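As a plain string of letters, each chain reads:
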Amino acid sequence: METSVSHSEATVGLDRTPPSGVDASIPHSARVYDWWLGGKDNFAADRAMGAALIGAIPTLRTMAKENRRFVHRVARYLVGEAGIRQFVDIGTGIPTRPNLHEVAQAVAPETRVVYVDNDPIVLAHARALMISTAEGRSEYIHADLREPEKILSDARLTETLDLDRPVALTLIAVLMLLRDSDDPAGKLRALMDAVPSGSYLAITHPTGDFNPAEMNAAVAAASQGGMTLVPRTREEVQRLFGDWELIEPGIAPVMAWRPEDGQPDDPHAAYYWAGLARKP
């Protein structure tokens, strides 16, 4: 499938000087996602990658929005029904309102959220935009999922959250960036082992189960542009939850996970599995 990018697609807008620590010549998933959602915090390489992936999967912008909608639904469930008041959101991305803490604190103002991402642009925006309620708190850690021990030992996490009380771990469209050789299950297990009984894990993950041809084309486009994209099957996604107890409806297409406006006509239109599980 053709995945080349037109000059106009790849160069829309005038790029500013990137912040310190940002290599604007290399696409980053957070900035590609930002472009899909209509944001302006991206560079030519990010737009080129985003357009190439849309060349492979034309509905990717809709899929990105469905992931955001899942974040809102799962946050409302966790705070409103499960009683969770602490979150660690890994692979946060560039803030897009309403953010997780805004949704959670609208239900329970005392909720605390720690965001984690490895893009300096996300850091800059997190400090400016992720303003908490007076009762709650939101913090940001500049860290990588590949080093879970650094996340868990960071003072901003240990001073914000009480790891003796249940915590919700949310990893939305991020585990796809880890190859099997990176041991995503092992990295995730380190986080899961650090939280107590009654904690939750929410995951969305792209899959080739619904449209193998388009997903294969997207993987090829990502590889050509120097970005990792690893789709996984339903069974592989389910294994990431380990022995935690899946909440109904279990592993489901992201659009069909507890929809608030009725079941979608085509739940497979977004090529993502979604799930939520509770630690026994």
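Here the structure is a predicted model, which means the values were calculated and not measured. (Residues numbered from 1 in each chain as written. Predicted model: local features only at pLDDT ≥ 70, side-chain atom pairs only at ≥ 80, totals over all residues. Heavy atoms only, no water.)

Draft legend 1. Quick look at the overall build of the protein chain. A tally of regular secondary structure across the protein chain gives eleven helices and eight strands. A compact globule built from 280 residues would reach a C-alpha radius of gyration of about 19 Å, and the protein chain, at 18 Å, matches this within 12%. The burial tally for the protein chain puts 53% of its 280 residues in the buried class. When the accessible surface of the protein chain is summed, it comes to about 12,000 Å², and 50% of that surface belongs to carbon and sulfur atoms. Separation between the mean location of the 28 positive side-chain charges and that of the 38 negative ones in the protein chain comes to 3 Å. (Helix = DSSP H or I, 4+ residues; strand = E, 2+ residues; numbered from the N terminus. Rg over C-alpha atoms; globule rule 2.2 N^0.38 Å. Buried < 20%, exposed > 50% of the residue type's maximum accessible area, 1.4 Å probe, protein only. Areas by Shrake-Rupley, 256 points an atom, 1.4 Å probe, with all protein chains shown as cover. Lys, Arg positive; Asp, Glu negative; His and termini not counted. Charge placed at Lys NZ, Arg CZ, Asp CG, Glu CD.)

Draft legend 2. Representation of the environment of glutamate 159 within the structure. Within the secondary structure, glutamate 159 is located in the loop between α8 (155–158) and β4 (168–172). Apart from the residues within four sequence positions on either side, glutamate 159 is in contact with Arg112 and Arg137. (Contact = heavy atoms within 4.5 Å.)

Draft legend 3. Expanded view of unusual backbone geometry. Cis geometry is adopted by the peptide bond preceding proline 249, which originates at glutamate 248 and carries an omega value of 10°. Assignment of secondary structure puts proline 249 in the loop between β6 (245–246) and β7 (252–253). The phi dihedral of aspartate 183 falls on the positive side, at around 60°, and the residue is not glycine. By the element assignment, aspartate 183 lies in the loop between β4 and α9 (184–193). With a phi close to 45°, arginine 258 is a non-glycine residue in the positive phi region. Here arginine 258 is to be found in the loop between β7 and β8 (272–278). A residue is classified by how much of its surface remains accessible, and arginine 258, at 30% relative accessible area, is partly exposed.

Draft legend 4. Seen up close, the pattern of salt bridges. Counted by the stated rule, this structure contains twelve salt bridges. A salt bridge links glutamate 139 to arginine 137; the nearest nitrogen and oxygen atoms lie 3.1 Å apart. Glutamate 139 sits in the partly exposed class, given a relative accessible area of 22%. Arginine 137 sits in the partly exposed class, given a relative accessible area of 25%. Shared partners join several salt bridges into a network, and the residues in it are Glu66, Arg69 and Asp261. (Salt bridge = Lys/Arg side-chain N within 4 Å of Asp/Glu carboxyl O.)

Draft legend 5. Highlighting helix α3 (residues 44–56). For α3, with 13 residues, the first-to-last C-alpha span of 18 Å sits near the 18 Å given by 1.5 Å per residue. Here α3 lies mainly inside the structure; ten of its 13 residues are buried. Turning to α3, its buried residues are Ala45, Asp46, Arg47, Met49, Gly50, Ala51, Ala52, Leu53, Ile54 and Ala56. (Expected span 1.5 Å × (residues − 1).)

Draft legend 6. Spotlight on the packing of aromatic side chains. One pass over the full model with this rule turns up four aromatic pairs. Ring geometry for tyrosine 33 and tryptophan 36: centres 6.3 Å apart, planes at 55°, overall tilted. One end of the pair, tyrosine 33, and the other, tryptophan 36, are both in helix α2 (residues 29–36), three residues apart, so they sit about a helical turn from each other. Just as tyrosine 33 is buried, tryptophan 36 falls in that class too. Relative to tryptophan 257, the ring of tyrosine 77 has its centre 6.4 Å away and its plane inclined at 90°; by these criteria the two rings are edge-to-face. Note that tyrosine 77 is positioned in helix α4 (residues 60–80) and tryptophan 257 in the loop between β7 and β8, a separation of 180 residues in sequence. Its relative accessible area of 12% is what places tyrosine 77 among the buried residues. Feature note: the residues Phe70, Tyr77 and Trp257 constitute an aromatic cluster, connected by ring pairs. (Phe/Tyr/Trp six-rings, centres within 6.5 Å; stacked < 30°, edge-to-face > 60°.)

Purely geometric stuff here, so don't read any function into it on its own.
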